[in-house]
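# Observations on chain architecture
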Amino acid sequence: MDQLPNRILVFAGSARSGSFNKRLARLAAGRVEAAGGQATFIDLRDYPIPLYDGDLEREQGIPAPARHLKDVLAEHSGLIVVSPEYNGFITPLLKNTLDWLSRPDGDQDGLALFRNRVGCVLSASPGGLGGMRSLALARQLLTNLGVTVLPDQLAVPGAAKAFTDDGELADSGARERLDQICHRLVETLDRLNPPAGR
Ligand SMILES: Cc1cc2nc3c(=O)[nH]c(=O)nc-3n(C[C@H](O)[C@H](O)[C@H](O)COP(=O)(O)O)c2cc1C
């Protein structure tokens, strides 16, 4: 039986309905599929996780949406995190989500979910730097959790005008870069965990 293609979970650190970073995440998911991988785009709006609070965790355990997200992540060997930038940092939503995911659940070590995963980081911002400063921090956080983060990254500046009406990136250089990054991620995962027959 053929092995399933390596699966890559794709999400943005914004819940906003018109989020530029969600647009970029959807594009990245499409690029992964075009490169022969299998992508799952999720919207963090569908996982309303409360702000981390040690008392809440002690009294009620891991909140159901966070537990659900843990199950989703467990089925993926790759990760694309698209990080908006707030005051030069990653968003509270992204940090809070990753913090809850890193918590142990019963016998399960929280960090086991991230170990041996390979990922990459992308960002988009209406500003001139495209959220570049948040990329370094998203990379550092994922690395701290145990994810091997590829060096390739993309920051999309001027996001209000960076997408065409059909949701594609307007700039050909950015389109090529996104192709290249997603291709490299699929290729890296295939090398680490080759599909049957290779
Ligand atoms: C509290 C706050 C701080 C922000 N700080 C930055 C910033 O440091 N750099 C930047 O490029 N954009 C900044 N922005 C603008 C965001 O990049 C912009 O709101 C963007 O659309 C958020 O991502 P989203 O479209 O995916 O929701 C900030 C926005 C908010 C709400």
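Since we're looking at a predicted model, the values are computed, not measured.

What counts as what
- Counting restarts for each chain, with residues numbered from 1 along the sequence as it is written.
- Local features in this predicted model are restricted to residues of pLDDT 70 or higher, and side-chain atom pairs are both shown and tallied only at a pLDDT of 80 or more, whereas totals for entire chains, interfaces and linings draw on every residue.
- Neither water nor hydrogens contribute to the side-chain values; these are computed over all heavy atoms in the structure.
- Secondary structure elements are taken from DSSP: a helix is a run of H or I of four residues or more, a strand is a run of E of two residues or more, and numbering for both begins at the N terminus.
- With C-alpha atoms as the basis for the radius of gyration, the globule rule is written as 2.2 Å multiplied by the number of residues raised to the power 0.38.
- Pairs of residues are marked as contacts when any of their non-hydrogen atoms sit within 4.5 Å.
- Accessibility throughout is a Shrake-Rupley quantity obtained with a 1.4 Å probe, and a residue counts as covered only by protein chains that appear here.
- The charge count treats Lys and Arg as positive and Asp and Glu as negative. His and the chain ends do not count.
- For charged residues, the charge sits on one atom: NZ in Lys, CZ in Arg, CG in Asp, CD in Glu.
- We define the nonpolar core as a collection of buried residues of types Ala, Val, Leu, Ile, Met, Phe, Trp, Tyr and Cys that are connected through side-chain atoms lying within 4.5 Å of one another.
- Each residue is placed in one exposure class: buried if its accessible area under a 1.4 Å probe, protein chains only, is under 20% of its type's maximum, exposed if it is over 50%, and partly exposed if it falls in between.
- The term polar contact refers here to a pair of N or O atoms within 3.5 Å; inside protein, the definition further demands a hydrogen-donor-capable atom paired with an acceptor-capable atom, and it admits residues adjacent in sequence only when both atoms are side-chain atoms.
- Every angle, taken between N-to-C directions, lies between 0 and 180 degrees, and every axis is a line fitted to C-alpha atoms, over only the stretch in contact when it is a helix.
- When describing relative orientation, an angle under 35 degrees is termed roughly parallel and one over 145 degrees roughly antiparallel, while 65 to 115 degrees is termed roughly perpendicular and anything else oblique.
- Classification used: nonpolar for Ala, Val, Leu, Ile, Met, Phe, Trp, Tyr, Cys and Pro, charged for Asp, Glu, Lys and Arg, polar for all others including Gly.

## A few points about the overall build of the protein
Each helix and strand in the protein was counted, giving seven helices and five strands. Listing every helix and strand of the protein by position from the N terminus yields β-α-β-α-α-β-α-β-α-β-α-α. Relative to a compact globule of 198 residues, whose C-alpha radius of gyration would be 16 Å, the protein shows 16 Å and is just as compact. Each principal axis of the C-alpha atoms in the protein carries an extent, and together these give about 50 × 45 × 25 Å. Across the protein, contacts joining residues at least 24 apart in sequence account for 75% of those joining residues at least 6 apart. As presented, the protein carries roughly 9800 Å² of accessible surface, and 50% of it is formed by carbon and sulfur atoms. Of note, the protein has its 22 positive side-chain charges centred 4 Å away from the centre of its 24 negative side-chain charges.

## Remarks on the nonpolar core
Residues Leu 24, Ile 80, Leu 122, Leu 169 and Leu 178 are the most contacted members of the largest nonpolar core, which totals 31 residues. At the level of secondary structure, the elements contributing two or more residues to this core comprise strand 1 (7–12), helix 1 (20–34), strand 3 (78–82), strand 4 (118–124), strand 5 (148–156), helix 6 (159–162) and helix 7 (172–192). Setting aside residues no more than four positions away along its own chain, Leu 24 makes contact with Val 82, Leu 122, Ser 123, Ala 124, Val 156, Phe 163, Leu 169 and Leu 178. In this structure, Ile 62, Val 72, Ala 138 and Leu 145 belong to the second largest nonpolar core, which totals 28 residues.

## Focus on the side chain of Ser 19
Here Ser 19 shows up in the loop between strand 1 and helix 1. At 3.4 Å, the side chain of Ser 19 and the side chain of Ser 14 are in polar contact. Within the structure, Ser 19 has its side chain in polar contact with the backbone nitrogen of Lys 22 (distance 2.9 Å).

## Here's the deal with helix 4 (residues 92–101)
Listed as buried for helix 4 are Leu 94, Asn 96, Thr 97, Leu 98, Trp 100 and Leu 101. Looking at the buried residues of helix 4, the elements they touch are strand 1, helix 2 (54–60), helix 3 (64–74), strand 3 and helix 5 (132–145).

## Regarding the packing of helix 3 against helix 4
Where helix 3 contacts helix 4, the two axes come as close as 9 Å, and the packing angle between them is 80°. When the interaxial angle is binned, helix 3 and helix 4 end up roughly perpendicular. Mapping the contact onto sequence places Ala 66, Leu 69, Lys 70 and Leu 73 in helix 3 and Thr 97, Trp 100 and Leu 101 in helix 4. Residues of the contact of helix 3 with helix 4, tallied by class, amount to five nonpolar, one polar and one charged.

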